[in-house]
Amino acid sequence: GLGSIGREVAKRGEAFGMTVIAVDPVSAWPLSELPRLLGESDFVVICAPHTPATARLFDRATIRHMKRTAVLV
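Residues numbered from 1 in each chain as written. Predicted model: local features only at pLDDT ≥ 70, side-chain atom pairs only at ≥ 80, totals over all residues. Heavy atoms only, no water.

Chemist: Hey, could you go over the packing of aromatic side chains for me, with residue numbers and the actual values?
Modeler: Applying the stated rule across the entire model yields zero aromatic pairs. Sitting over the ring of Trp29, Arg36 keeps its end group 4.8 Å from the ring centre. (Phe/Tyr/Trp six-rings, centres within 6.5 Å; stacked < 30°, edge-to-face > 60°. Lys NZ or Arg CZ within 6 Å of the ring centre and 35° of its normal.)

Chemist: Kindly report on the pattern of salt bridges, identifying the contributing residues and their values.
Modeler: Side chains that differ in charge, positive against negative, can pair when their charged atoms come close. As enumerated under the stated definition, the model contains five salt bridges in all. For the salt bridge of Lys11 with Glu8, the shortest nitrogen-to-oxygen distance reads 3.1 Å. Within this pair, Lys11 and its partner Glu8 are both found in helix 1 (residues 4-15), separated by three residues, close to a single helical turn. What makes Lys11 partly exposed here is its relative accessible area of 48%. Given the relative accessible area of 33%, Glu8 is considered partly exposed. When salt bridges that share partners are traced, they join Glu8, Lys11 and Arg12 into one network. (Salt bridge = Lys/Arg side-chain N within 4 Å of Asp/Glu carboxyl O. Helix = DSSP H or I, 4+ residues; strand = E, 2+ residues; numbered from the N terminus. Buried < 20%, exposed > 50% of the residue type's maximum accessible area, 1.4 Å probe, protein only.)

Chemist: How would you explain the nonpolar core if you had to name every residue and give the values?
Modeler: Listed in full, the seven residues of the largest apolar core are Val23, Leu34, Leu37, Leu38, Val44, Met66 and Ala70. With three residues, the single largest contributor to this core is helix 2 (residues 34-40). Here Leu38 is in contact with Val44, Phe58, Thr62, His65, Met66 and Lys67, once residues within four sequence places are set aside. (Core = buried A, V, L, I, M, F, W, Y, C linked by side-chain atoms within 4.5 Å. Contact = heavy atoms within 4.5 Å.)

Chemist: How would you explain helix 1 if you had to name every residue and give the values?
Modeler: The end-to-end C-alpha distance of helix 1 is 17 Å, a good match for the 16 Å that twelve residues give at a rise of 1.5 Å each. Phi turns positive one or two residues past the end of helix 1, at Gly17, with a value near 85°. (Expected span 1.5 Å × (residues − 1).)

Chemist: Which residues make up the environment of Gly6, and what values do they have?
Modeler: Position of Gly6 among the secondary structure elements: in helix 1. Judged by its relative accessible area of 6%, Gly6 is buried. When the C-alpha positions of Gly6 and Ala48 are compared, they lie 7.9 Å apart, and in sequence the two are 42 residues distant. Once residues lying within four places of it in the same chain are set aside, the contact partners of Gly6 are Gly1 and Cys47.

Shape is all these values report; function is a separate question.
Dropping the structure here:
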């Protein structure tokens, strides 16, 4: 997500020369793009509030979309 915490994480990633991509219902890619974006990402940082809608967002099936070399924070 690109709420206040997600924006701060994104700023720091950009400062290190990273290309930042995000899933956010308001300001970035829609959630339906998450599997594709996970497959493109070297680092994945979860910056979503823990709510009933996000509680099971990252399960085994979701994580399988990530590169084997990716880092999950």
